[in-house]
Amino acid sequence: MKQLASLLALSFMGLTTLQAQTANPQQYKYDFTVAKDGTGDYKYIQDAIDAMRVYPLAPITLYIKNGVYNEKIELPATNTDVTFIGESVDKTIIVFNDYSGRGRLTTFTSYTAKICGNRFRAENITFSNTAGPVGQAVALHVEADNAMFINCRFLGNQDTIFTGGETSRQLFVNCYIEGTTDFIFGPATVVFQGCEIHSKTNSFVTAASTTHGKKFGYVFLDCKLTADDSVKKVFLGRPWRANAKTVYLRCTMGNHIVPEGWNNWSNPANEQTTFYAEYRNSGPGAGIANRAKWSHQLTDKEAANYTLNTIFNNEGSALPVNTKWYQERGTRAFQWPAK
């Protein structure tokens, strides 16, 4: 009987704790400010992340004041519904210099920022890896589903952005992304809308590894492909894995894009499984006369399916998700929280 009483007491304590954690959402903090000059709640971004309630009862916003934040950060999968808002994209900078081969680091641990919490949003922030041309060195490693990056910059060389998460959907709007080799790579379904994609060497822009059976991989809508003056030979993509999918629609392509456009990564078998396509692109690099024979030019009817609603319509998701997730939180002007 004493053992039973003890077990009941422990159970009651557990229920009480559970109720305390899920009730009274007002007891938790939902707005945080990071500032290098000490005028915020924290001086370091990771300290603010560590202070956030996991699986919050309301969305959390982290305001980041201008400054160079030299730190390696991670937003775990338990930190969902978080928004980072920088004061200005050119002056709010998160930077680190890890790279694959540095000690035990690999491509997937070389990141400056790793984002795993679903329904993440970032605005007006620069994510940078300053390791230089030393091999794989990731600026952003994002595995979150329903992740949005608005007016952000991504600076690096090889492997600047890793879009992880086989069932994740991600959206980049009005962003600047630069790199050398395969500087956008991974398995997620991702739309780049109105972005500038800047090549720094003769190499490859994308290396998708789209999950088998998914309708969409990388989709570039109304983007601008630019390059350093010395760059003359860049491919639109090559397949990191079989079944890679990459499509460019209504993009402006500089003369650094090679006439064939696409590369099979020295494996002709990839030509049978990839889906590489274009639609009404323009610019000196957009000519289709000498494109790889195994690539495609979309018809008007096919191109009509490349809308955010269609691409993100529960595509590949393991979760029942609102298909309008990218419209939920809208856009808002930068404003500091009241003291």
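In what follows, the structure referred to is the one given above.
These lines cover the structure that appears in this document, whether it is placed above or below. (Residues numbered from 1 in each chain as written. Predicted model: local features only at pLDDT ≥ 70, side-chain atom pairs only at ≥ 80, totals over all residues. Heavy atoms only, no water.)

### What to know about the overall build of the protein
- Within the protein, the secondary structure is distributed over five helices and 26 strands.
- Classification of the 339 residues of the protein by burial places 52% in the buried group.
- Taking all contacts inside the protein whose residues are at least 6 apart in sequence as the whole, residues at least 24 apart take part in 67%.
- Accessible surface for the protein amounts to roughly 15,400 Å². Of this, 52% is attributable to carbon and sulfur atoms. (Helix = DSSP H or I, 4+ residues; strand = E, 2+ residues; numbered from the N terminus. Buried < 20%, exposed > 50% of the residue type's maximum accessible area, 1.4 Å probe, protein only. Contact = heavy atoms within 4.5 Å. Areas by Shrake-Rupley, 256 points an atom, 1.4 Å probe, with all protein chains shown as cover.)

### A short note on unusual backbone geometry
- Despite not being glycine, D222 has its phi angle at roughly 55°, a positive value.
- On the secondary structure map, D222 appears in the loop between β20 (218–221) and β21 (224–227).
- Assessed through its relative accessible area of 38%, D222 is described here as partly exposed.
- With a phi close to 60°, S266 is a non-glycine residue in the positive phi region.
- A relative accessible area of 74% places S266 in the exposed class.

### Re the pairing of strand β3 (residues 67–70)
- Of the two faces of β3, only the one carrying G67 and Y69 is buried; V68 and N70 on the other face are not.
- Note: β3 against strand β6 (residues 92–96), four bridges, orientation parallel. Bridge pairing in β6 links V68 to I93. (Pairing = 2+ DSSP bridges.)

### What to know about the side chain of N129
- Of note, N129 is situated in strand β9 (residues 126–129).
- Among the residues examined, N129 registers a relative accessible area of 3% and is labelled buried.
- One polar contact links the side chain of N129 to the main-chain carbonyl oxygen of S110, over a distance of 3.3 Å.
- Those residues in contact with N129 that lie beyond four places of it in its chain are F96, N97, D98, S110, T112, A137, V138, A139, L155 and G156. (Polar contact = N/O pair within 3.5 Å; in protein donor to acceptor, adjacent residues only side chain to side chain.)

### Side note on the pattern of salt bridges
- In this structure the tally under the stated criterion is twelve salt bridges.
- Salt-bridge contacts for K29 lead to D41; the nearest nitrogen and oxygen are separated by 3.8 Å. You can see K29 sitting in the loop between α1 (2–22) and β1 (31–34) and its partner D41 sitting in the loop between β1 and α2 (45–51), a full twelve residues away along the chain.
- Between K200 and E178 there is a salt bridge, with its nearest N and O atoms 3.3 Å apart. Within this pair, whereas K200 is found in the loop between β18 (196–199) and β19 (204–208), its partner E178 is found in strand β15 (residues 176–179), the two being separated by 22 residues in sequence.
- The structure contains a network of salt bridges with shared partners spanning K72, D98 and R102. (Salt bridge = Lys/Arg side-chain N within 4 Å of Asp/Glu carboxyl O.)

### Describing the sheet that holds strand β13 (residues 161–163)
- Reading across from one edge, β4-β7-β10-β13-β16-β19-β22 is the order of the seven strands in this open sheet, with parallel pairing throughout. Each edge of the sheet is formed by a strand with only one pairing partner; in this case those strands are β4 (73–75) and β22 (235–237). Across this sheet, the average inter-strand angle for adjacent strands is 15°, counted without regard to direction.
- Pairing of strand β10 (residues 140–142) with β13, which is carried by three bridges, proceeds in the parallel orientation. Pairing of H141 across the sheet is with F162, part of β13. (Axes fitted to C-alpha atoms, helices over the stretch in contact; angles between N-to-C directions.)

By themselves, these observations are geometric and do not establish any function.
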